[in-house]
Amino acid sequence: MNKKDKVWIKLMDIGHVLGCHQMESRSFSIGGYQFPLCARCTGVLIGELLGIACIIGGLRISWIMILIFIAVMGIDWFIQYIELLMSNNYRRIVTGTVCGLAMTYAYFYLIIWVIRFAKTII
């Protein structure tokens with residue numbers, strides 16, 4: 001087993017621990033190696049990183065947009081689950097990205113709320 005294989009196995013283990021199903025058909029591959037996260041989880045991770053960058057950059061989005069972004073992924077998952085329309089990896093990465101972005105903002109706003117609440121009771 002070469003060094004690339006060992007790194008790939010370690011990354012796949014991390015992806016599994018993070019809770020990703022890692023289905024090969026729902027994952028991207030590069031150079032014969034499957035991503036350690038499925039397309040949707042990859043999108044969520046990208047969205048979370050993008051959300052952190054946007055928050056640091058001072059960009060804010062409303063709770064309505066947060067809910068819409070989360071609903072977009074939920075709807076994509078649901079219509080696939082009931083077999084109304086099969087999703088694809090490109091749709092999964094896009095819907096995962098907007099959901100990850102929204103979840104990062106939701107966590108950020110909730111943390112701010114908790115800090116402000118704690119200051120009122122101290």
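Structure first, text after, so check above.
It should be emphasised that the depicted structure is a prediction, and the values quoted were computed from it without experimental measurement. (Residues numbered from 1 in each chain as written. Predicted model: local features only at pLDDT ≥ 70, side-chain atom pairs only at ≥ 80, totals over all residues. Heavy atoms only, no water.)

*Asks:* Can you help me understand the overall build of the chain in this one?
*Replies:* Helices and strands together make up the secondary structure of the chain, namely 4 helices and 2 strands. The helix and strand sequence of the chain, counted from the amino end, reads α-β-β-α-α-α. A compact globule built from 122 residues should have a C-alpha radius of gyration of about 14 Å, whereas the chain, at 17 Å, is more than 25% larger. For the chain, the C-alpha atoms occupy an extent of roughly 55 × 40 × 25 Å along the three principal directions. Counting only residues that meet the buried cut, the chain has 32% of its 122 residues in that class. For the chain, contacts bridging at least 24 residues in sequence account for 62% of all contacts bridging at least 6. Here the chain has roughly 8400 Å² of accessible surface; of this, 73% comes from carbon and sulfur atoms. (Helix = DSSP H or I, 4+ residues; strand = E, 2+ residues; numbered from the N terminus. Rg over C-alpha atoms; globule rule 2.2 N^0.38 Å. Buried < 20%, exposed > 50% of the residue type's maximum accessible area, 1.4 Å probe, protein only. Contact = heavy atoms within 4.5 Å. Areas by Shrake-Rupley, 256 points an atom, 1.4 Å probe, with all protein chains shown as cover.)

*Asks:* Help me understand the packing of aromatic side chains in this model?
*Replies:* The geometry of an aromatic ring pair is captured by two quantities: the separation of the ring centres and the angle between the planes. Considering all chains together, one arrives at 9 aromatic pairs under this definition. Seen from their ring centres, tryptophan 63 and tyrosine 109 are 5.6 Å apart, and the 50 degrees between their planes marks the pair as tilted. Residue tryptophan 63 is found in helix 3 (residues 63-81), and its partner tyrosine 109 is found in helix 4 (residues 89-121); the two are separated by 46 residues along the sequence. What makes tyrosine 109 buried here is its relative accessible area of 16%. (Phe/Tyr/Trp six-rings, centres within 6.5 Å; stacked < 30°, edge-to-face > 60°.)

*Asks:* Looking at this structure, I do not really get helix 2 (residues 39-56). What am I missing?
*Replies:* Residues that lie three or four places apart on an α-helix share one face, since the helix turns once every 3.6 residues. Between its terminal C-alpha atoms helix 2 stretches 26 Å, which fits the 26 Å expected from 18 residues at 1.5 Å a residue. Within helix 2, burial applies to Ala39, Arg40, Thr42, Gly43, Gly47, Gly51, Cys54 and Ile55. Those residues of helix 2 hidden inside the fold are in contact with helix 3 and helix 4. Among the residues trailing helix 2, glycine 58 stands out with phi positive, at a value near 90 degrees. (Expected span 1.5 Å × (residues − 1).)

*Asks:* Sorry, what's going on with the pattern of salt bridges here?
*Replies:* Oppositely charged side chains may form a pair once their charged atoms are brought near each other. Applying the stated criterion across every chain, the model contains 2 salt bridges. Where arginine 40 meets aspartate 76, a salt bridge forms, and the shortest distance between an N and an O atom there is 2.5 Å. A residue pair is termed long-range when its members are at least 10 positions apart, and arginine 40 in helix 2 and aspartate 76 in helix 3 qualify at 36 residues. By the burial criterion, arginine 40 is buried, and aspartate 76 matches it. With its nearest N and O atoms 3.4 Å apart, the salt bridge here joins aspartate 76 to arginine 91. (Salt bridge = Lys/Arg side-chain N within 4 Å of Asp/Glu carboxyl O.)

*Asks:* Can you walk me through the environment of phenylalanine 28 in this structure?
*Replies:* One can find phenylalanine 28 in the loop between helix 1 (3-17) and strand 1 (29-30). By relative accessible area, which is 16% here, phenylalanine 28 ends up buried. When the C-alpha positions of phenylalanine 28 and cysteine 38 are compared, they lie 7.0 Å apart, and in sequence the two are 10 residues distant. Ignoring sequence-local partners within four residues, the contact set of phenylalanine 28 consists of Tyr33, Gln34, Phe35, Ala39, Asn89, Tyr90 and Ile93.

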